[in-house]
2 protein chains.
Amino acid sequence: MAHFMDVHHGMHGITADQLHEAHQADLAVEGDERVHFERAWADPASGTVYCLSEAPSADAVQRVHTRAGHRADEIHEVPLTV
Amino acid sequence: MAHFMDVHHGMHGITADQLHEAHQADLAVEGDERVHFERAWADPASGTVYCLSEAPSADAVQRVHTRAGHRADEIHEVPLTV
C-alpha cells in the first residue's frame, strides 16, 4: 500500500456540505478497491481540491473517484512524508 | 489563522533526507511569522511537494519558505477540510 495525493481542478465555489458529500461518496465505495481516503482540503476560490489516500495504486484511486462521480485531474504517489 | 496547501514543482528525485531537511528549515524560522508547517508529502517522480500549514496569510507562508530557501510555486488557502 502507498499514499497518494490527488488534485481536482474546476471546483470553484465548493461548499463544506459538497466536500463532505463527495468524501462520503468515496468512502461508500473505496473498500472494493482497498483504497482509503484519509483527508481532503478544498480551496473554493481557486476551485482546487486535494485528497490524501492510502491505496494499492493510482489507478485504484481513480476508479474510486470515478465511481463516486468526480474523477481526479492529477494523482501523485507521495512515498515521502514528514 | 487559516490553513494553506502550498505546492512546489521541479523537485525531481527529492530524497527523504532532503524533505526532512527542508521541513526542519521551515520549522526553524516559522515562528517569526506565526506560521506552522504541519505536514509535507513528496512525489520524487513528478518532482511535486505539497506542504500543509496553519498561518495568518499566504504571504506569511511564502516568507517562511523563502527564508528557508525554497519558494512555493502555488499557495492555496484551504478553508474546507474533511
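We now turn to the structure provided with this report. The shown structure was predicted, so the numbers you read here are calculated from the model rather than taken from an experiment.

This part is about the sheet that holds strand β2 (residues 36-43) of chain A. Pairing is antiparallel in the open sheet, where five strands are placed in the order β4(A)-β1(A)-β3(A)-β2(A)-β5(B). Where the open sheet ends on each side, the last strands, each with one partner, are β4 (74-77) of chain A together with β5 (80-81) of chain B. Across the sheet, helix α1 (residues 16-29) of chain A is in contact with β2 and β3 (48-55) of chain A together with β5 of chain B; its angle to β2(A) comes to roughly 160°. Sheet strands in contact with helix α2 (residues 58-67) of chain A are β1 (2-8), β2, β3 and β4 of chain A, and its direction is about 45° off that of β1(A).

Here we take up the sheet that holds strand β3 (residues 48-55) of chain B. Strand pairing in a sheet takes place through backbone hydrogen bonds and is either antiparallel or parallel in direction. Pairing is antiparallel across the open sheet formed by five strands, whose spatial order is β5(A)-β2(B)-β3(B)-β1(B)-β4(B). Every other strand in the sheet has two partners, leaving β5 (80-81) of chain A together with β4 (74-77) of chain B as the edge strands with one partner each. Pairing analysis gives four bridges linking strand β1 (residues 2-8) of chain B to β4(B), with the strands arranged antiparallel. Note that in β4(B) the partner of B:F4 across the bridge is B:E77.

Moving on: the interface of chain B and chain A. Each partner contributes to the interface: chain B provides 27 residues, whereas chain A provides 27 residues. Between chain B and chain A, roughly 2200 Å² of surface is buried when both sides are summed, and carbon and sulfur atoms account for 69% of that area. Seen at the junction of chain B and chain A, the total is zero salt bridges. Counting the contacts that link chain B with chain A gives ten residue pairs in polar contact (both at pLDDT 80 or more). Secondary structure elements with two or more residues in the side of chain B that touches chain A: β1, α1 (16-29), β2 (36-43), β3, β4 and β5 of chain B. Looking at the side of chain B that touches chain A element by element, the count peaks at six residues for β2(B). When the residues that make up the side of chain B that touches chain A are grouped by side-chain class, the tally is 15 nonpolar, seven polar and five charged. Bridging between β2(A) and β5(B) involves two bridges; their strand directions are antiparallel.

Rules used throughout
- Residues numbered from 1 in each chain as written.
- Chains lettered and ligands numbered in written order.
- Predicted model: local features only at pLDDT ≥ 70, side-chain atom pairs only at ≥ 80, totals over all residues.
- Heavy atoms only, no water.
- Pairing = 2+ DSSP bridges.
- Helix = DSSP H or I, 4+ residues; strand = E, 2+ residues; numbered from the N terminus.
- Contact = heavy atoms within 4.5 Å.
- Axes fitted to C-alpha atoms, helices over the stretch in contact; angles between N-to-C directions.
- Buried area = accessible area lost by both parts, 1.4 Å probe.
- Salt bridge = Lys/Arg side-chain N within 4 Å of Asp/Glu carboxyl O.
- Polar contact = N/O pair within 3.5 Å; in protein donor to acceptor, adjacent residues only side chain to side chain.
- Nonpolar A, V, L, I, M, F, W, Y, C, P; charged D, E, K, R; others polar.

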